[in-house]
Amino acid sequence: MSKSKIRIKLKGFDHKLVDQAAEQVVEAIERTGAIISGPIPLPTHIKRFSVIRSPFIDKDSQEQFEIRTHRRLIDIIETTSKTVDALTGLNLPSGVDVNIKL
């Protein structure tokens, strides 16, 4: 077994899709026999916007919008030779950003 550590970060706007992608990654890694830590939920990043409803009469009236970015972290502590092959062959749902660091 190789002692390299792999860190996988998942990001998305829909928490259900992010959790589903994390489950798929964990199942694929466990099938290869690697030791993993996670998925660890990281703090949700909330970005808020205030927009004026009307530029002329209702200048004091505003609408608020927000974008929530949900994140998960998975660490692969001990990898096997099949682990990287299993990660490249994954078919994850669209809307989830995957960042893999070796």
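Keep in mind that this is a model prediction, so the values were computed, not measured.

Considerations on the overall build of the chain
Looking only at helices and strands, one finds two helices and four strands in the chain. Traced from its N-terminal end to its C-terminal end, the chain shows the element sequence β-α-β-β-α-β. For 102 residues, the compact-globule estimate of 2.2 N^0.38 gives 13 Å, and the chain exceeds it by more than 25% at 19 Å. Expressed along its principal axes, the backbone C-alpha trace of the chain runs to roughly 70 × 20 × 15 Å. Taken over 102 residues, the chain has a buried fraction of 26%. Excluding contacts between residues fewer than 6 apart, the proportion of contacts in the chain whose partners are at least 24 apart in sequence is 75%. As displayed, the chain offers around 7,200 Å² of accessible surface, 51% of which is attributable to carbon and sulfur atoms. Looking at charge distribution, the chain has the averaged site of its 16 positive side-chain charges lying 6 Å from that of its 13 negative ones.

Remarks on the pattern of salt bridges
Scanning the model with the defined rule gives four salt bridges in all. As a salt-bridge pair, Arg-48 and Glu-66 come within 3.2 Å of each other at their nearest N and O atoms. Of this pair, Arg-48 sits in strand S2 (residues 35-52) while Glu-66 sits in strand S3 (residues 62-78), and the two are 18 residues apart along the sequence.

Digging into the side chain of Arg-72
Counting through the fold element by element, Arg-72 comes out in strand S3. Owing to a relative accessible area of 12%, Arg-72 belongs among the buried residues under this scheme. At a separation of 2.9 Å, a polar atom in the side chain of Arg-72 contacts the side chain of Asp-19.

Things to note about the nonpolar core
In this structure, Ile-8, Leu-10, Val-25, Ile-29, Ile-74, Ile-76 and Leu-87 are the most contacted members of the largest nonpolar core, which totals 15 residues. At six residues, helix H1 (residues 15-32) tops the list of elements feeding residues into this core.

Conventions adopted
- Residues numbered from 1 in each chain as written.
- Predicted model: local features only at pLDDT ≥ 70, side-chain atom pairs only at ≥ 80, totals over all residues.
- Heavy atoms only, no water.
- Helix = DSSP H or I, 4+ residues; strand = E, 2+ residues; numbered from the N terminus.
- Rg over C-alpha atoms; globule rule 2.2 N^0.38 Å.
- Buried < 20%, exposed > 50% of the residue type's maximum accessible area, 1.4 Å probe, protein only.
- Contact = heavy atoms within 4.5 Å.
- Areas by Shrake-Rupley, 256 points an atom, 1.4 Å probe, with all protein chains shown as cover.
- Lys, Arg positive; Asp, Glu negative; His and termini not counted.
- Charge placed at Lys NZ, Arg CZ, Asp CG, Glu CD.
- Salt bridge = Lys/Arg side-chain N within 4 Å of Asp/Glu carboxyl O.
- Polar contact = N/O pair within 3.5 Å; in protein donor to acceptor, adjacent residues only side chain to side chain.
- Core = buried A, V, L, I, M, F, W, Y, C linked by side-chain atoms within 4.5 Å.

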